[in-house]
Amino acid sequence: MPRSGPPRPRGAPAAPRAAAPDPSPLPGLAESARRLADAATTSTALVADALVRIEATQPTLNAFRHLRAEAALAEAAEADRRLAAGERLPLLGVPVAVKDDTDVAGLPTHFGCDGDLPPVASDSEAVRRLRAAGAVVVGKTNSCELGQWPFTEGTAFGATRNPWNTAHTPGGSSGGSAAAVAAGLVPAALGSDGAGSVRIPAAWTHLVGIKPQRGRISVHPHSDSFQGLTVNGPLARTVADAALLLDAVAGAHPEDFHRPPAVRAADAARRDPGRLRIALAWRPPLTLTGAGPDPEVRRAVTALADTLARLGHHVEEARPRYGLIGLAFVPRATVGIAEFAARHPEPALLDPRTRSALRTGTRLGGRVVRAARAREVRQHRRIGALFDASGFDVLLTPTTAAPPPRIGRFDDLSAWRTDVAIAAACPYAWPWNVLGWPGVNVPAGFTRSGLPVGAQLLGPSRSEERLIALAAQLEDDRRWFEHRPPV
């Protein structure tokens, strides 16, 4: 059961407790970089403001597991010296956050787990690239245990809450990153996506979330995270900010298995996508739950499809041939959980549902998971026929079947009942993790009670630039960034 109150994130606060956060909206990623380059603000001011906002909202939102207050302020001061000397980098001095499945030197990587873990000695490749771009990492955001679920709750850290309505989850497993960006605590953040874990919280917090092509952003020190399902990806309030963060962290480590050719995401965000053929799919892959979209989700995604048609695109309902893709997903996901869980020094501290997944993953290792991975080429051909044979450029689906659930919705459920409940709520995102192809969540609107929902733009292999250009065109029309949560 989650704790009733969140623990304080580790790390000293950046400013006196009495300090109040600036009530004005935090500038976005690109705007922060522009202001710093123009000497209209300082990195010290931006980082201190971010830390005060985090500190002020931690009792209600509980978005962070660790803060780097002292180190971040020192790095901000150094960034100010470099800026004053004329140095320019894409994110020099800009505060960002990363999910707590990502190694940051000097901090433990709990990945949602309980227990005392030692600090890691070196940065992950994604964080190394963030630092090389000049960004200041202010802290690490909450994740559910080993990233398994589309909610961010756990005995280790309590519940992370949705800024739009704190009785509801922001989603998961990158829920801390999503809550932090949606609430304006940081301009943008990194998450990771193994079954929708960037796109789902982006949908439920009114953000842009990009799941890039497998290998686009390195997952090193892991060479093939969760049997190739998991990739890192940005969460931001605008397409331009998400694209800027993607460009900053993209690239391979020498030991990476997957090395797609480079893209220019920020350029794509400024490009007209042209007239596209867009397939609208309502039916999710087979999950044996009978899941379909909630009427309010369907209404919002239909309105977004109507916008795409008004913008000149051909939108037509279609049914991708998913086949029994779940038979490939389950072994890969559970073996991935087993591999991470086996590294925990105190397995008894893990959630009983995690231990159940560990046992399943252990049974499905070896030949079973190798066979599941070998099916990927055929899955590419079968599902890819939507693009190759049918001539569609983009697939549009709801990101989730349901609006964000209430906090505690999944408490006390068995492993099986949890899996059934989350498959019913989130049946649309995970096939693209099996395929390794890119997808972008865009805000689709709100339920009548004010809860955000999203839609995902999905493409074939290495189609990020097309998806980003289309998302940017939608954003210009719908201007979702003008809507902010009440927190």
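Reading the values: rules and limits
Residues numbered from 1 in each chain as written. Predicted model: local features only at pLDDT ≥ 70, side-chain atom pairs only at ≥ 80, totals over all residues. Heavy atoms only, no water. pLDDT = per-residue confidence, 0-100. Contact = heavy atoms within 4.5 Å. 1 Å grid on protein atoms, 1.4 Å probe; cavity = no way out; pocket = protein on both sides within 12 Å on 5 of 7 lines; lining within 4 Å. Points joined across faces, edges and corners; volume = space filled by probe spheres on them. Nonpolar A, V, L, I, M, F, W, Y, C, P; charged D, E, K, R; others polar. Helix = DSSP H or I, 4+ residues; strand = E, 2+ residues; numbered from the N terminus. Expected span 1.5 Å × (residues − 1). Buried < 20%, exposed > 50% of the residue type's maximum accessible area, 1.4 Å probe, protein only. Axes fitted to C-alpha atoms, helices over the stretch in contact; angles between N-to-C directions. Parallel < 35°, antiparallel > 145°, perpendicular 65-115°, else oblique. Left-handed = near helix turned anticlockwise from the far one by under 90°. Pairing = 2+ DSSP bridges. Bend = angle between axes of the 7 residues up to and from the residue. Phe/Tyr/Trp six-rings, centres within 6.5 Å; stacked < 30°, edge-to-face > 60°. Lys NZ or Arg CZ within 6 Å of the ring centre and 35° of its normal.

## A closer look at the confidence of the model for the protein chain
Then, in step 1: Averaged over every residue, the pLDDT of the protein chain is 95; residues scoring 70 or more account for 96%.
Then, in step 2: In this model, residues 12-18 is a region of pLDDT below 50 whose contacts with residues beyond four sequence positions or in other chains number 10 contacts.

## Considerations on the layout of surface pockets
Then, in step 1: Counted as a void, the second largest pocket has a volume near 330 Å³.
Then, in step 2: In terms of lining residues, the second largest pocket is bounded by 15 residues, among which Thr109, Phe111, Leu117, Phe340 and Arg343 are the most central.
Then, in step 3: Split by residue class, the lining of the second largest pocket holds 8 nonpolar, 4 polar and 3 charged.

## Focus on helix α2 (residues 43-57)
Then, in step 1: Taking 1.5 Å per residue as the helical rise, α2 with its 15 residues ought to reach 21 Å, and the 21 Å between its terminal C-alpha atoms agrees with that figure.
Then, in step 2: Counting buried positions along α2 gives 11 out of 15 residues, so the element sits mostly inside the fold.
Then, in step 3: Buried residues along α2 sit in contact with α1 (29-37), β1 (64-67), α3 (69-84), β2 (95-99) and β3 (136-141).

## Considering the packing of α2 against α3
Then, in step 1: Where α2 meets α3, the axes come as close as 8 Å, and the angle between the chain directions of the two elements is 160°. Relative to α3, the element α2 is oriented roughly antiparallel. Seen along the crossing, α2 lies across α3 with a hand that is right-handed. Between α2, through Ser43, Thr44, Val47, Ala48 and Leu51, and α3, the contact on the second element is made entirely by Ala69, Ala72, Leu73, Ala76, Ala77, Ala79 and Asp80.
Then, in step 2: Split into classes, the residues belonging to the contact of α2 with α3 amount to 9 nonpolar, 2 polar and 1 charged.

## Things to note about the pairing of strand β7 (residues 208-211)
Here is the key point about a regular strand: its side chains alternate between the two faces of the sheet.
Then, in step 1: Here β7 shows a buried face lined by Val208 and Ile210 and a second buried face lined by Gly209 and Lys211.
Then, in step 2: Inspection of the sheet shows β7 paired to strand β12 (residues 439-446) by 3 bridges, in the antiparallel sense. In the strand pairing of β12, Ile210 is matched with Val440.

## Remarks on empty space enclosed by the protein
Then, in step 1: In the structure shown here, the tally under the stated rule is 3 cavities of 30 Å³ or more.
Then, in step 2: What the largest cavity holds in volume is close to 80 Å³.
Then, in step 3: By residue class, the composition of the lining of the largest cavity is 4 nonpolar, 6 polar and 3 charged.
Then, in step 4: By volume, the second largest cavity is sized at about 50 Å³.
Then, in step 5: Taken together, Leu26, Pro27, Gly28, Val181, Gly184, Val186, Pro187, Arg237, Asp241 and Arg484 form the lining of the second largest cavity.
Then, in step 6: Among the residues making up the lining of the second largest cavity, the classes are represented as 5 nonpolar, 2 polar and 3 charged.

## Looking at helix α13 (residues 376-388)
Then, in step 1: The end-to-end C-alpha separation of α13 is 17 Å, in line with the 18 Å expected for 13 residues at 1.5 Å each.
Then, in step 2: At Arg382, α13 shows its largest bend, some 30°.
Then, in step 3: Residues of α13 that are buried make contact with β9 (277-280), α10 (326-341), α12 (367-374), β11 (394-398), α15 (431-435) and β13 (452-458).

## As for the packing of aromatic side chains
Then, in step 1: Scanning the model with the defined rule gives 10 aromatic pairs in all.
Then, in step 2: With a centroid separation of 5.6 Å and 85° between ring planes, the pair formed by Phe111 and Phe340 is classed as edge-to-face. In this pair, Phe111 is assigned in the loop between β2 and α4 (125-132) and Phe340 in helix α10, connecting sequence segments 229 residues apart.
Then, in step 3: Relative accessible area serves as the criterion here: at 7%, Phe111 is assigned to the buried category.
Then, in step 4: Note on Phe340: relative accessible area 14%, which makes it buried.
Then, in step 5: Considering the side-chain rings of Phe387 and Trp432, the 6.5 Å spacing of their centres and the 80° angle between planes classify their relative orientation as edge-to-face. A residue pair is termed long-range when its members are at least 10 positions apart, and Phe387 in helix α13 and Trp432 in helix α15 qualify at 45 residues. One exposure class covers both Phe387 and Trp432, and it is buried.
Then, in step 6: An aromatic cluster is built from Phe111, Phe226 and Phe340, whose rings are joined through pairwise contacts.
Then, in step 7: We note Arg343 situated over the ring of Phe340; from NZ or CZ to the ring centre the distance is 4.6 Å.
Then, in step 8: Its end group placed over the ring of Trp149, Arg353 keeps NZ or CZ at 4.6 Å from the ring centre.

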